[in-house]
Amino acid sequence: MRGRELRGELDAFLAESEQDLVAFRRDLHMHPELAFAEYRTTQRIAERLTAAGLSPRVLPKGTGLICDVGSGDGPTVALRADIDALPLQDEKDVPYRSTVPGVCHACGHDVHTTVLLGTSLFLAQQAAAGLLPGRVRLIFQPAEEAPGGALEVMAHGGISGVDRIFGLHCDPRVDVGQLGLRVGPITSACDRLTVRVSGPGGHTARPHLTADLVFALAKILTELPAALSRRIDPRSSLSLVWGRVEAGSAANAIPDDGVAEGTVRCLDEDAWHAAPDLIKSLLESVASAYGIEATMDYTRGVPPVVNDEVSVEMLGEAAERVLGAGAVVPTQQSLGGEDFAWYLESVPGAFARLGTRSPDGVTYDIHQGTFDVDEQAIAMGVRVMAATAFTALWDVGPLDSTVTSALA
Ligand SMILES: [Zn+2]
Ligand SMILES: [Zn+2]
């Protein structure tokens, strides 16, 4: 089964299922659950997969699940959705408004979950008819908004044996029916840095007899970002920006400790890996020049999502096949973080932006209490995910280069 047939099969499936999927999304939207507390959501997904004859495996913490469709020695392609909501108030006036105070699906993960459920049900039908040329691993991942969800999936074998992985995210700046793609990094890294300095302290009349801690801290605050910009490739856009600094309590006393906190953002994976060691050595060299002690806590966020070129070609080919010519649009690298990046450190794959804006409608933003989608995006997402799985399983090799050359 190729091209035109797949499109026809999807049309028939969605003619029957689209309303049901919209209702499923609205139910999730009314009952949002925070990271690692997605028990009801997980249960709802598991019930539907089981009813379709599949065998979902709920992760040990009871939230999130993994499920394989199809079998055989062929390739395994993973499709991932995140299922958690955000700790903020739903401000929409819609019948499917959140019923949980202070919790809202404001990042569209209810849509991602529904898209993957629809894709799962379609693939289950295809597998039952003997039409699925390999295995598809469905990953309903918990806790994307809090650290740990992707790592939890990986710790329990979620991507073992997987040859390629795909995911998508709602993009309220792209019209419904379009898919935003980009080769290379599509999201960014964001880490936290805390620097603590200490010295003997003393009178401001005699800085030469002690260590001038405030002066040294000021040097650290300016020298670290400046030196980083000379030691890391400027194209990586690594930036250290301080958000808090504190030292001292009196005008005429040199304090014995101080602290500074900031974020390290970065567009490039190599620079992200190199950043902690480099920052530590720069910090030690500046501190020692002024005779103070300095330590740092470097808290890793996520690496950038770096899209593999062949996987982007597959997504682009699939989207053009089922959404129509012109459906693929180039997209920018965002400064946001996304833990899909952890999978791509081990397995090639790609992450796409699913258009959710009604043409000529309101442009919403994610992580806002007003965020909502054009629900036609659900069917579009099912088409793209299912076609991408088939395309990757067919492994058709290099595709129409006009699609990807516009995205690089
Ligand atoms: Zn989010
Ligand atoms: Zn999100």
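Keep in mind it's a predicted model, so treat the numbers as computed, not measured.

## Some remarks on the sheet that holds strand E12 (residues 257–266)
The strands that make up a sheet pair up through hydrogen bonds in the backbone, lying either parallel or antiparallel.
Piece 1. Spatial ordering of the open sheet is given by E10-E12-E8-E13, a layout of four strands whose pairing is antiparallel. Only two strands of the sheet have a single neighbouring strand rather than two, namely strand E10 (239–247) and strand E13 (293–299). On average, each strand axis in the sheet is inclined to that of its neighbour by 20 degrees, with strand direction left out of account.
Piece 2. Strand direction decides the pairing type here: strand E8 (residues 189–198) and E12, joined by ten bridges, are antiparallel. Bridge pairing in E12 places Cys 190 opposite Arg 265.
Piece 3. Helix H5 (residues 213–231) contacts E8, E10 and E12 of the sheet and is inclined by roughly 170 degrees relative to E10.
Piece 4. Packed onto the sheet, helix H6 (residues 269–289) meets E8, E12 and E13 and runs at close to 165 degrees relative to E13.

## A look at the coordination of the zinc ion (ligand 1)
Piece 1. Note on the zinc ion (ligand 1): its protein donors are Cys 107 (SG), Glu 145 (OE) and His 367 (NE2). The metal-donor distances range over 2.0 to 2.2 Å.
Piece 2. Sequence positions of the residues that donate to the zinc ion (ligand 1) give the spacing C-x37-E-x221-H.
Piece 3. Between the zinc ion (ligand 1) and the zinc ion (ligand 2), a separation of 3.1 Å is found, and both are coordinated by Cys 107. Here Glu 145 lies in the loop between strand E4 (135–141) and helix H4 (149–155) and Cys 107 lies in the loop between strand E3 (76–82) and helix H3 (109–128), a separation of 38 residues in the sequence.

## Overview of the coordination of the zinc ion (ligand 2)
Piece 1. Taken together, Cys 107 (SG), His 109 (NE2) and His 169 (NE2) make up the full set of protein donors to the zinc ion (ligand 2), lying 2.1 to 2.3 Å away.
Piece 2. Donor residues binding the zinc ion (ligand 2) come from one chain and are separated in sequence as C-x1-H-x59-H.
Piece 3. On the basis of relative accessibility, which here comes to 8%, the residue His 169 falls in the buried class.

## A closer look at H5
Piece 1. Taking 1.5 Å per residue as the helical rise, H5 with its 19 residues ought to reach 27 Å, and the 25 Å between its terminal C-alpha atoms agrees with that figure.
Piece 2. At Glu 223, H5 is deflected by roughly 30 degrees, the largest bend along its length, and proline Pro 225 occurs up to four residues later in sequence.
Piece 3. Among the structural elements, E8, E10, strand E11 (253–254), E12 and H6 are those in contact with the buried residues of H5.

## Some words on the pairing of E3
On a regular strand, one side chain projects to one face of the sheet and the next to the other, so that they alternate.
Piece 1. Where burial is concerned, most of E3 is hidden: seven out of the seven residues are buried.
Piece 2. Burial of the side chains of E3 extends over both faces: Thr 76, Ala 78, Arg 80 and Asp 82 are buried on one face and Val 77, Leu 79 and Ala 81 on the other.
Piece 3. Sheet topology note: the E3/E4 ladder contains seven bridges and is parallel. Of the residues in E4, the one forming a bridge with Ala 78 is Arg 137.
Piece 4. A crossover connection joins E3 to the parallel E4 through H3; in handedness this β-α-β unit is right-handed.

## Here we look at the packing of aromatic side chains
Piece 1. Taken as a whole, this structure holds six aromatic pairs when the rule is applied.
Piece 2. Both rings, one in Phe 390 and one in Trp 394, keep their centres 5.6 Å apart while their planes meet at 50 degrees; by these two values the pair is tilted. Of this pair, Phe 390 and Trp 394 are both found in helix H9 (residues 376–394), four residues apart, which corresponds to roughly one turn of the helix. Like Phe 390, the residue Trp 394 is buried in the burial classification.
Piece 3. Stacked on the ring of Phe 36, the Lys or Arg Lys 61 has its end atom at 4.4 Å from the ring centre.
Piece 4. One residue, Arg 300, lies across the ring of Trp 272, its end atom 3.7 Å from the ring centre.

## Focus on the pairing of strand E16 (residues 349–357)
Piece 1. Burial analysis of E16 places eight of its nine residues in the buried class, which makes it a mostly covered element.
Piece 2. Of the pairings in the sheet, the one linking strand E6 (residues 179–181) to E16 comprises two bridges and is antiparallel in character. Following the sheet pairing, Gly 180 is matched in E16 by Arg 353.

## Quick look at the environment of Arg 235
Piece 1. Here Arg 235 is to be found in the loop between H5 and E10.
Piece 2. Between the C-alpha atoms of Arg 235 and Asp 268, which are 33 residues apart in sequence, the distance is 8.0 Å.
Piece 3. Of the polar contacts made by the side chain of Arg 235, one reaches the side chain of Asp 233; its length is 2.6 Å.

## Examining the side chain of Asp 374
Piece 1. As for its placement among the helices and strands, Asp 374 is situated in the loop between E16 and H9.
Piece 2. One buried charged side chain, Asp 374, makes no salt bridge at all; its nearest oppositely charged neighbour is Arg 25, positioned 8.9 Å away.
Piece 3. The contacts of Asp 374, once residues within four sequence positions are left out, are Val 176, Thr 356, Arg 357 and Ser 358.

## Overview of the sheet that holds strand E2 (residues 65–69)
Piece 1. Spatial strand order, E1-E2-E4-E3-E5-E16-E6-E15: eight strands in an open sheet with mixed pairing. Sheet topology places strand E1 (57–58) and strand E15 (328–330) at the edges, where each strand pairs with a single neighbour.
Piece 2. Where E2 meets E4, five bridges bridge the pair, whose relative direction is antiparallel. Across the sheet, residue Leu 65 finds its bridge partner in E4, namely Phe 140.
Piece 3. Against the sheet, H3 contacts E2, E3, E4, strand E5 (164–175) and E16, and its axis sits at roughly 150 degrees relative to E3.

## Looking at the side chain of Thr 210
Piece 1. By the element assignment, Thr 210 lies in the loop between strand E9 (202–203) and H5.
Piece 2. For Thr 210, the side chain forms a polar contact with the main-chain oxygen of Gly 201, separated by 2.9 Å.
Piece 3. Sequence-distant contacts of Thr 210, that is, excluding residues within four places in its chain, are made with Pro 200, Gly 201, Gly 202 and Ile 254.

## Topic: helix H2 (residues 39–51)
Piece 1. With 13 residues, H2 should cover 18 Å at 1.5 Å per step; its first-to-last C-alpha distance of 18 Å lies within 8% of that length.
Piece 2. Along H2, the positions that sit buried rather than exposed are Thr 41, Thr 42, Ile 45, Ala 46 and Leu 49. One side of H2 holds all its buried residues, which, seen down the axis, span an arc of 130 degrees.
Piece 3. Directly beyond the C-terminal end of H2, a positive phi value near 90 degrees is found at Gly 53.

Conventions we followed
Residues numbered from 1 in each chain as written. Chains lettered and ligands numbered in written order. Predicted model: local features only at pLDDT ≥ 70, side-chain atom pairs only at ≥ 80, totals over all residues. Heavy atoms only, no water. Pairing = 2+ DSSP bridges. Helix = DSSP H or I, 4+ residues; strand = E, 2+ residues; numbered from the N terminus. Axes fitted to C-alpha atoms, helices over the stretch in contact; angles between N-to-C directions. Contact = heavy atoms within 4.5 Å. Donors = N, O, S within 2.8 Å, 3.2 Å for Na, K, Ca; no water. Buried < 20%, exposed > 50% of the residue type's maximum accessible area, 1.4 Å probe, protein only. Expected span 1.5 Å × (residues − 1). Bend = angle between axes of the 7 residues up to and from the residue. Right-handed = clockwise from strand over helix to strand, strands pointing away. Phe/Tyr/Trp six-rings, centres within 6.5 Å; stacked < 30°, edge-to-face > 60°. Lys NZ or Arg CZ within 6 Å of the ring centre and 35° of its normal. Polar contact = N/O pair within 3.5 Å; in protein donor to acceptor, adjacent residues only side chain to side chain. Lys, Arg positive; Asp, Glu negative; His and termini not counted. Salt bridge = Lys/Arg side-chain N within 4 Å of Asp/Glu carboxyl O. Arc of directions from axis to C-beta.

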